[in-house]
Each structure stands twice: as structure tokens, then as C-alpha cells.
Amino acid sequence: MKLSRPDRTPKILVLFSDTGGGHRSAAQAVIEVLEEKHAGEFALDMVDVFKAYAPYPLNRMPDLYPAMVKLPNLWRLGYRMFDGRRRTEVVMDSVWPWVRPAAKQLVREHPADLVLCVHPLFSAPVLRALGKHRPPFITVVTDLVTTPHYWFHRRVDVCVVPTEEVRRNALKSGLSTDQVKLLGLPVGKRFLQAGNKMEIRKRLGWPLDRPMILLIGGGEGMGPLYDTAQSIATLNPECALAVIAGKNDKLKQRLENAVWKIPVFIYGFTKEMPDFMKAADILVTKAGPGTISEALVSGLPMILYSRIPGQEDGNVRYVVEEGAGRWAPGAEKTAKAVRRWIIHPSFKESAAAACLRIARPRAANDIADLIWEWLPQAGKDSLKS
Ligand code: UDP
């Protein structure tokens with residue numbers, strides 16, 4: 001099948017959801033490059049599929065997600081129960097009658113020349129709703145290691161994966177070597193721009209003479225951030241701390257009302273992450289794939305204080321095995337791990353070197369180029385056949 005060339009600006013439909021902050025960040029990183037290289041040559045349509053189309057109660061997923069992953073055992077059980085090739089197919093077939101009207105409405109209301117999907121749960125229903133004569137469909141996997149089978153729908157044209165391990169998972173799941181491209185997890189271009197650490201600290205009002213710890217709990221401020229911040233402050237009196245509460249307003253307020261023994265800078269959801277990572281000495285973070293990938297390209301060594309059970313288990317192993325950081329769950333262990341790096345800076349420096357060694361700074365650029373190759377454009381036939 002050959003798709004006809006659009007006689008107007010070709011449109012890219014991006015399927016994502018704000019369950020956490022990572023899916024949006026990955027999509028934006030790719031879009032940024034497309035906009036830089038091909039400004040005015042394409043139109044963009046971003047849809048938070050859960051919010052805009054999913055039937056109740058799925059449409060509440062972005063709001064409920066932080067609370068749901070707080071029940072770790074239940075979340076892990078759910079994750080395992082619904083994973084695996086056969087189970088995934090059964091689940092998707094069973095829910096199809098329920099989600100079909102919404103999926104059909106989505107594709108009717110958002111005609112596109114290419115679909116970019118950065119969420120595991122949307123490929124199956126949207127591909128089914130699109131039917132046989134459809135635009136190219138590209139998935140960008142935003143999990144670093146542990147990948148639910150939902151990511152690997154066999155009808156996608158290309159499945160972009162971030163690591164060798166995910167490439168193997170994709171092939172095991174039935175995708176062909178032609179379908180799977182190992183390009184990395186895309187991070188925003190501001191993470192790649194050079195910046196002077198002390199200049200940035202001055203601008204941020206951060207101290208110049210103290211080791212600076214950056215504490216992040218993903219886009220939603222997840223995990224025991226408050227206790228972790230307090231323990232770090234108590235055990236590391238020579239440091240300063242920046243805590244990112246993300247969209248967790250309650251946590252931000254609690255942090256603001258607390259008494260601190262060291263200089264502490266508290267932020268809600270921020271767009272300054274690239275500069276924060278350049279200005280910090282140590283990252284303490286939940287094992288979110290987006291934050292980890294950003295820290296890798298920033299050469300910022302990390303201590304992982306928590307992880308979402310199931311989907312983030314493999315991220316911990318990846319970071320530790322590659323030497324880019326340590327796993328230290330629980331406030332006290334985390335604070336001790338920070339202490340160790342403060343006392344022995346060479347451990348921290350070798351982790352920083354490991355970060356840069358495994359980073360894939362070209363990911364967003366390469367994915368944008370791939371999308372451009374597949375996008376049917378005036379003057380160029382679609383590659384889909
Ligand atoms: N993030 C941000 N501002 C914040 C908190 C987080 O821009 O205040 C971004 C962060 O840089 C990363 C994403 O949100 O790109 C979080 O993604 P990750 O995969 O680490 O965790 P998730 O929130 O998806 O669980």
C-alpha cells in the first residue's frame with residue numbers, strides 16, 4: 001500500500017498522557033528538534049489520550065496515577081497480572097468493545113499523516129481504530145529496561161527503543177529487526193547545551209561554596225521526598241539542597257513550612273531542570289526513565305531513593321550495573337549514600353564518567369530524522385508499503 005502525498009501541511013499526531021512527566025518530556029524533546037529543523041513544514045496535534053478520550057474511570061488516570069503507584073504491592077501485582085504477550089492480547093481484546101467508540105472518535109477527530117505514540121497503552125486501540133489504510137505509526141518506548149508487552153504492537157511501522165535490553169524485549173515480543181530501532185530515550189535539547197555551573201548557580205541564588213544536592217520525585221513529586229530531604233539535611237550539614245516537588249502541591253507546602261538545618265531551595269513543577277542538573281553535584285531521584293536519561297546526558301551521578309514497582313525495577317539495575325549511580329531506598333540509606341559521595345568524591349566522579357559513557361545525547365535528533373523520513377510530504381512519497 002502506498003499512501004498518497006498530502007497536498008497540504010502534513011500533520012503529526014502525538015499520543016501521550018500526563019501519567020507522570022516522562023511521556024510528555026520525551027514527546028517534547030522530539031518535537032523541539034522537528035520544529036528547529038522543519039519549522040512551518042508540518043502541523044502538530046498533541047492528544048492526552050486518557051484525559052481527552054478514555055471512558056470513565058480511565059480518563060481519571062493522570063490524576064489518580066500518583067495515588068495508585070503509592071500502593072506498591074497492588075501496583076506490582078496489577079503490572080505482572082496484565083503483562084506478557086498472551087495476557088496483553090486477551091486484555092486488549094476484552095476491553096476493545098468498551099474503548100472502541102472512544103478510539104474511533106479519536107481517529108475521526110484527529111486525522112493525521114503520521115502517528116507518534118509515546119505511551120504503551122495507546123498503540124493497540126488506536127491502530128485497531130485506524131484500520132488497514134492508515135498513516136505511518138511510530139512508537140517511542142519511554143521505559144528504559146523493564147517494558148510491558150503493551151509497548152510492542154506488531155502492526156507499528158517502527159518501534160524506537162532506548163537500550164539494548166529493550167531491543168531484545170521487543171524482538172522477543174514478536175517485532176522484526178526492521179521494525180525495531182535502537183536510538184535512545186529522547187531528552188530536551190537544553191540538557192545538551194553547555195553551561196557554566198557557577199554562573200548558573202549565581203543566577204539561581206544557589207550557594208557557590210557547598211556541594212549541591214538535587215532531589216526529584218518525577219513530575220508528580222513521588223516517593224518519600226519529605227523524609228528523604230530531612231535525612232539528607234541532617235546527615236550532610238556542609239551541603240545545600242534543592243527539592244523539586246513537581247505537581248505535588250501538598251508536599252511543596254510541607255517542605256516550605258519545615259525548619260531546615262542547611263540551605264534548602266524548594267520548587268514546584270519547574271522548567272529549569274536542564275540548568276538544575278548542570279548546577280548540581282549529586283542527583284537524588286526516583287528511578288524515572290526520563291530523569292535518569294537527563295542525568296546521564298548531564299553527567300550528573302545519581303542516587304536512586306525509590307522506584308515505581310514493576311516498570312521501574314529494571315532502571316535501578318541498569319543505573320547500578322553501569323556504575324552511573326547507587327540504589328539506596330529509604331530516607332536514612334539515601335542520606336548515608338550522599339554522605340559517602342561527599343566524603344569520597346572520587347566515587348561520585350567515577351559515576352559521573354559512567355553517566356556520560358552510557359548517555360545517548362543524539363536520541364531526540366535521530367528520532368526526529370526518522371519521523372521526517374516516514375512523514376508523507378509534498379514532493380516525497382511515503383515510505384510505507
Ligand atoms: N520534570 C520537569 N519539572 C519538574 C519535575 C519533573 O520538567 O518539576 C520532568 C523531568 O525533567 C522528566 C519528567 O518530568 O523529564 C519526569 O519523568 P520520569 O520518567 O523521570 O518520571 P515520571 O514523572 O514519568 O514518573
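Quick summary incoming for the structure in this document. These numbers were taken from a predicted model, which means no experiment stands behind them. The residue numbering used here restarts from 1 in each chain and proceeds along that chain's sequence as written. Given that the model is predicted, a residue must reach a pLDDT of at least 70 before its local features are reported, and side-chain atom pairs must reach 80 or more before they are shown or counted; all residues, however, enter totals for whole chains, interfaces and linings. No hydrogens and no water enter the side-chain calculation; it runs on all heavy atoms of the structure.

Across its full length, the chain carries 16 helices and twelve strands. Computation of the radius of gyration draws on C-alpha atoms alone. For the globule rule, the value is 2.2 Å times the number of residues to the power 0.38. Taken over the C-alpha trace, the chain has a radius of gyration of 21 Å; the compact-globule value for 385 residues is 21 Å, and the two agree within 12%. Judged by the C-alpha coordinates and their principal axes, the chain covers about 65 × 45 × 35 Å. The rule is simple: take the accessible area with a 1.4 Å probe, protein chains only, and divide by the maximum for that residue type; under 20% is buried, over 50% is exposed, in between is partly exposed. Within the chain, the fraction of its 385 residues that count as buried is 56%. Where accessible areas are quoted, they stem from the Shrake-Rupley method and a 1.4 Å probe; at the residue level, only the protein chains shown are allowed to cover. Just so you have it, the chain exposes about 16,900 Å², and 53% of that area is on carbon and sulfur atoms. Positive charge is attributed to Lys and Arg, negative charge to Asp and Glu, and no charge count is given to His or to the chain ends. Just so you know, the charge point we use is NZ for Lys, CZ for Arg, CG for Asp and CD for Glu. Of the charged side chains in the chain, 54 are positive and 40 negative; the average position of the first set lies 4 Å away from that of the second. Here a helix means four or more residues in a row that DSSP labels H or I, a strand means two or more in a row labelled E, and each is numbered from the N terminus.

Attention shifts here to the state of the cysteines. When two cysteine sulfur atoms are found within 2.5 Å, that pair is recorded as a disulfide. On inspection of all chains with the given rule, the structure shows zero disulfides. Not part of a disulfide, cysteine 355 finds its nearest cysteine sulfur in cysteine 239, a span of 18 Å. Cysteine 355 sits in the buried class, given a relative accessible area of 0%.

What follows deals with the pairing of strand β5 (residues 158-161). Here β5 shows a buried face lined by Val158 and Val160 and a second buried face lined by Cys159 and Val161. Pairing between strands is defined by DSSP: at least two bridges between the two strands are required. Note: β5 against strand β6 (residues 180-182), three bridges, orientation parallel. Note that in β6 the partner of valine 160 across the bridge is lysine 181. Looking down the strands as they point away from you, a crossover is right-handed if its path from the first strand over the helix to the second goes clockwise. One crossover worth recording links β5 to the parallel β6 by way of helix α7 (residues 164-172), and it is right-handed.

For the rest of this paragraph, the subject is the packing of aromatic side chains. Only Phe, Tyr and Trp rings take part, Trp by its six-membered ring, and two of them pair if their centres are within 6.5 Å. Stacked means planes under 30 degrees apart, edge-to-face means over 60, and tilted covers everything else. Scanning all chains against the criterion turns up six aromatic pairs. Measuring from ring centre to ring centre gives 5.1 Å for phenylalanine 50 and phenylalanine 122, while their planes differ by 75°; the resulting arrangement is edge-to-face. Here phenylalanine 50 is found in helix α2 (residues 49-53), whereas its partner phenylalanine 122 is found in the loop between β3 (114-117) and α6 (123-130), with 72 residues between them in sequence. Of the residues examined, phenylalanine 50 reaches a relative accessible area of 5% and is grouped as buried. In this structure phenylalanine 122 comes out as buried when scored by relative accessible area, which is 4%. Clustering of aromatic rings is evident, with ring pairs tying together Trp206, Phe265, Tyr267 and Phe276. Placement of a positive charge over a ring is assigned whenever Lys NZ or Arg CZ falls within 6 Å of the ring centre and within 35 degrees of the normal to the ring plane. The ring of tyrosine 226 carries the charged tip of arginine 254 above its face, separated from the ring centre by 3.7 Å.

Turning our eyes to something else, we now look at the sheet that holds β5. The parallel open sheet is built from six strands, whose spatial order is β2-β1-β3-β4-β5-β6. One side of each edge strand has no neighbouring strand; the edge strands of this open sheet are β2 (43-48) and β6. If you compare each strand with its neighbour and ignore which way they point, the axes differ by 20° on average. With three bridges joining them, strand β4 (residues 137-140) and β5 adopt parallel strand pairing. Bridge assignment links isoleucine 138 to a residue of β5, and that residue is valine 158. Residues count as neighbours in contact if any of their non-hydrogen atoms are within 4.5 Å of one another. The angle between two axes is taken between their N-to-C directions and runs from 0 to 180 degrees, where each axis is a line fitted to C-alpha atoms and a helix contributes only its stretch in contact. Of the strands in this sheet, β1 (11-16), β3 and β4 are in contact with α6, which crosses β4 at around 175°.

Moving on: helix α12 (residues 289-298). Since the α-helix packs 3.6 residues into each turn, any two residues three or four apart lie on the same face. Of all the ten residues making up α12, nine are buried; the element is thus mostly covered by neighbouring parts of the structure. Within α12, the full set of buried residues consists of Pro289, Gly290, Thr291, Ile292, Ser293, Glu294, Ala295, Leu296 and Val297. One or two steps after α12, the chain reaches glycine 299, where phi turns positive at roughly 65°.

Bringing the nonpolar core into the picture now. Think of a nonpolar core as a cluster: buried Ala, Val, Leu, Ile, Met, Phe, Trp, Tyr and Cys residues, connected wherever their side-chain atoms sit within 4.5 Å. One finds Trp206, Leu214, Met277, Leu296 and Met302 to be the most contacted residues of the largest nonpolar core, which totals 38 residues. The residues touching methionine 302, leaving out its near neighbours within four places in the chain, are Leu283, Thr285, Ile292, Ala295, Leu296, Val319, Ala324, Gly325, Arg326, Trp341 and Cys355. Among the nonpolar cores identified, the runner-up in size contains 32 residues, and Val49, Ala102, Val126 and Cys159 belong to it.

With that settled, the discussion passes to the site of the ligand. Taken together, 18 residues surround the ligand, and among them Gly21, Ser25, Thr270, Thr291 and Glu294 come closest. Here a polar contact means two N or O atoms within 3.5 Å. Within protein one must be a hydrogen donor candidate and the other an acceptor candidate, and residues neighboring in sequence count only if both atoms are side-chain atoms. Glycine 290 places a main-chain nitrogen or oxygen 2.8 Å from an oxygen atom of the ligand. Between an oxygen atom of the ligand and a side-chain N or O atom of threonine 291, the distance comes to 2.6 Å. Contact with the protein chains removes 94% of the 540 Å² of surface that the ligand exposes when unbound. A total of four residues in the shell around the ligand trace back to one element, the largest contributor, which is α12. For the shell around the ligand, a count of residues per class yields five nonpolar, eleven polar and two charged. What makes a residue near a molecule or strand is one non-hydrogen atom of that residue sitting within 4 Å of it. All amino acids are sorted into three groups, where Ala, Val, Leu, Ile, Met, Phe, Trp, Tyr, Cys and Pro are nonpolar, Asp, Glu, Lys and Arg are charged, and the leftover types, Gly among them, are polar.

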